[in-house]
Amino acid sequence: PLEAGAWAAPTVGWNRAGLTVTVKDGVTGFLAKPFKVDDYAEKILKLLKNPKLRNKMGKAAWKRVKNKFLWQKHIDILEKEIRKVTK
């Protein structure tokens, strides 16, 4: 989802684990009911059939990745945690 968002593409994934952090349901993509293939397919079709929605969600995904998941931010979090355990 992060790579897709970086290219302004909305994501459809299961509403489970890491995706619940990276995808904002209904804003940057859709989170389908876990293991409900019909729900997953329905959400993909919704994006494929609606270019305006796809574009809107893609732009939101790009902004979310840019603002929330920067590489430097990730490094800062790791460094902070490493410093905690090495003191």
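Here is what the cut-offs are and how they apply
For every chain, the first residue of the written sequence is number 1, and numbering continues from 1 onward in sequence order. For a predicted model such as this one, the threshold for reporting local features is a pLDDT of at least 70, and the threshold for listing and counting side-chain atom pairs is 80 or more; totals across whole chains, interfaces and linings nevertheless cover every residue. The basis for every side-chain value is the complete set of heavy atoms in the structure, and neither hydrogens nor water enter the calculation. Any carboxyl oxygen of Asp or Glu that lies within 4 Å of a side-chain nitrogen of Lys or Arg is treated as forming a salt bridge with it. Secondary structure elements are taken from DSSP: a helix is a run of H or I of four residues or more, a strand is a run of E of two residues or more, and numbering for both begins at the N terminus. The buried label goes to any residue with under 20% of its type's maximum accessible area, the exposed label to any with over 50%, and the partly exposed label to all in between, with areas taken from a 1.4 Å probe on protein chains only. We call two strands paired when DSSP finds no fewer than two bridges between them. Contact criterion: two residues are considered in contact whenever any of their non-hydrogen atoms come within 4.5 Å of each other. To qualify as a nonpolar core, a set must consist of buried Ala, Val, Leu, Ile, Met, Phe, Trp, Tyr and Cys residues joined through side-chain atoms within 4.5 Å. Every axis corresponds to a line fitted to the C-alpha atoms, with the helix fit spanning only the stretch in contact, and the corresponding angles, defined between N-to-C directions, vary from 0 to 180 degrees. Geometric relationships in this document are graded by angle, where less than 35 degrees denotes roughly parallel, more than 145 denotes roughly antiparallel, 65 to 115 denotes roughly perpendicular, and other angles denote oblique. Side-chain classes are defined by residue name, with Ala, Val, Leu, Ile, Met, Phe, Trp, Tyr, Cys and Pro counting as nonpolar, Asp, Glu, Lys and Arg as charged, and the others, Gly among them, as polar.

Caption draft 1: Examining the pattern of salt bridges more closely. The full count for this structure, using the stated rule, is 3 salt bridges. Of the charged contacts in the structure, one is a salt bridge between aspartate 39 and lysine 43, with a shortest N-O distance of 2.7 Å. Taken as a pair, aspartate 39 and lysine 43 lie in helix α3 (residues 37-49) at a separation of 4 residues, close to a single helical turn. Its relative accessible area of 15% is what places lysine 43 among the buried residues. Close ionic contact of arginine 83 with glutamate 79 constitutes a salt bridge, the shortest N to O distance being 2.7 Å. Taken together, the positions of arginine 83 and glutamate 79, both in helix α5 (residues 71-86) and 4 residues apart, correspond to about one turn of that helix.

Caption draft 2: Quick look at the pairing of strand β2 (residues 29-32). Where burial is concerned, the two faces of β2 agree: the one with Gly29 and Leu31 and the one with Phe30 and Ala32 are both buried. Both strand β1 (residues 11-14) and β2 contribute to a ladder of 4 bridges, which runs parallel. Looking across to β2, one finds that valine 12 is bridged to phenylalanine 30.

Caption draft 3: Seen up close, the environment of glycine 58. Turning to its location among the elements, glycine 58 is positioned in helix α4 (residues 51-68). With 28 residues separating them along the chain, glycine 58 and phenylalanine 30 place their C-alpha atoms 11 Å apart. Once residues within four sequence positions are removed from consideration, glycine 58 is found in contact with Ala8, Ala9 and Pro10.

Caption draft 4: Local environment of the nonpolar core. Core analysis: the largest hydrophobic core is formed by 5 residues, namely Val12, Phe30, Leu47, Leu53 and Met57. Apart from the residues within four sequence positions on either side, phenylalanine 30 is in contact with Thr11, Val12, Gly13, Val23, Asp25, Lys43, Lys46, Leu47, Leu53 and Met57.

Caption draft 5: Region of interest: the packing of α3 against α4. Between α3 and α4, the least distance of the axes is 5 Å, while the angle of their chain directions is 100 degrees. Put simply, α3 runs roughly perpendicular to α4. Taking contact as the criterion, the partners of Lys46, Leu47, Leu48 and Lys49 in α3 are, on α4, Pro51, Leu53, Arg54 and Met57. Here the residues of the contact of α3 with α4 are counted per class, giving 5 nonpolar, no polar and 3 charged.

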